[in-house]
Amino acid sequence: MALIQCPDCRNAVSTSAPTCPACGRPMGHPAPVTAYPRGTQTIEATGKPWKLCQLLGALGLITSVVWAMITGQSNDPGAALGFAILLGLLSLALFIVGRIGAWWFHG
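Values in this document were obtained by computation on a predicted structure and should not be read as measured data.

About the cut-offs
- Residues numbered from 1 in each chain as written.
- Predicted model: local features only at pLDDT ≥ 70, side-chain atom pairs only at ≥ 80, totals over all residues.
- Heavy atoms only, no water.
- Helix = DSSP H or I, 4+ residues; strand = E, 2+ residues; numbered from the N terminus.
- Buried < 20%, exposed > 50% of the residue type's maximum accessible area, 1.4 Å probe, protein only.
- Contact = heavy atoms within 4.5 Å.
- Areas by Shrake-Rupley, 256 points an atom, 1.4 Å probe, with all protein chains shown as cover.
- Core = buried A, V, L, I, M, F, W, Y, C linked by side-chain atoms within 4.5 Å.
- Expected span 1.5 Å × (residues − 1).
- Phe/Tyr/Trp six-rings, centres within 6.5 Å; stacked < 30°, edge-to-face > 60°.
- Salt bridge = Lys/Arg side-chain N within 4 Å of Asp/Glu carboxyl O.
- Polar contact = N/O pair within 3.5 Å; in protein donor to acceptor, adjacent residues only side chain to side chain.

Caption draft 1: Up close: the overall build of the protein. Each helix and strand counted, the protein has 2 helices and 2 strands in total. Listed N to C, the secondary structure of the protein is β-β-α-α in terms of helices and strands. Considering the protein as a whole, with its 107 residues, one finds that 18% of them fall into the buried category. Counting only contacts in the protein whose residues sit at least 6 apart along the sequence, the fraction spanning at least 24 positions is 35%. For the protein, the computed accessible surface area is about 8,300 Å², with 67% contributed by carbon and sulfur atoms.

Here it is in structure tokens:
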């Protein structure tokens, strides 16, 4: 730990001091670098199963809306439109489960 001279007040300042104790001028020393120990892993915020659940739910919702639009314009929508609505509801439930699971397990 060496002493250097403050450019403003010319007082002796330690090289580890963030500011001059006399005048308060920031000394601009680089912050110490802390190395992470070996084996440190970065944990993602949301797990892949919950992301997959949300993705499948969203794709199912899009598919059901397109299917309902196509079958709704035909002369006899009948069971196809009902299946599209059922697919939409199940996809919405899957998406909601994925969102809740991501929130519950990963904040």
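Caption draft 2: Structural view of the nonpolar core. Of all hydrophobic cores here, the largest spans 5 residues; its members are C6, V13, A17, C20 and M27. When neighbours within four sequence positions are excluded, M27 is seen to be in contact with I4, C6, P7, V13, A17, P18, T19 and C20.

Caption draft 3: View of helix 2 (residues 78-106). With 29 residues, helix 2 extends 42 Å from end C-alpha to end C-alpha; this agrees with the ideal 42 Å at 1.5 Å per step. Every buried residue of helix 2 is listed here: A84, G88, S91, G98, G101 and A102. On its buried face, helix 2 is in contact with helix 1 (48-72).

Caption draft 4: Layout of the packing of aromatic side chains. Counted by the stated rule, this structure contains 3 aromatic pairs. Considering the side-chain rings of W67 and F83, the 5.1 Å spacing of their centres and the 65° angle between planes classify their relative orientation as edge-to-face. Note that W67 is positioned in helix 1 and F83 in helix 2, a separation of 16 residues in sequence. Taking the relative accessible area as the measure of exposure, W67 reaches 32% and is therefore partly exposed. With a relative accessible area of 42%, F83 lands in the partly exposed category.

Caption draft 5: Spatial organisation of the pattern of salt bridges. The full count for this structure, using the stated rule, is 1 salt bridge. A salt bridge links R25 to D8; the shortest N-O distance between them is 3.1 Å. Here R25 is found in the loop between strand 2 (12-14) and helix 1, whereas its partner D8 is found in the loop between strand 1 (3-5) and strand 2, with 17 residues between them in sequence. Here R25 falls in the partly exposed class, since its relative accessible area comes to 30%.

Caption draft 6: Molecular detail of the side chain of S14. Mapped onto the elements, S14 comes out in strand 2. By relative accessible area, S14 is classed as buried at 17%. A distance of 3.0 Å separates polar atoms of two side chains, one belonging to S14 and the other to S16.

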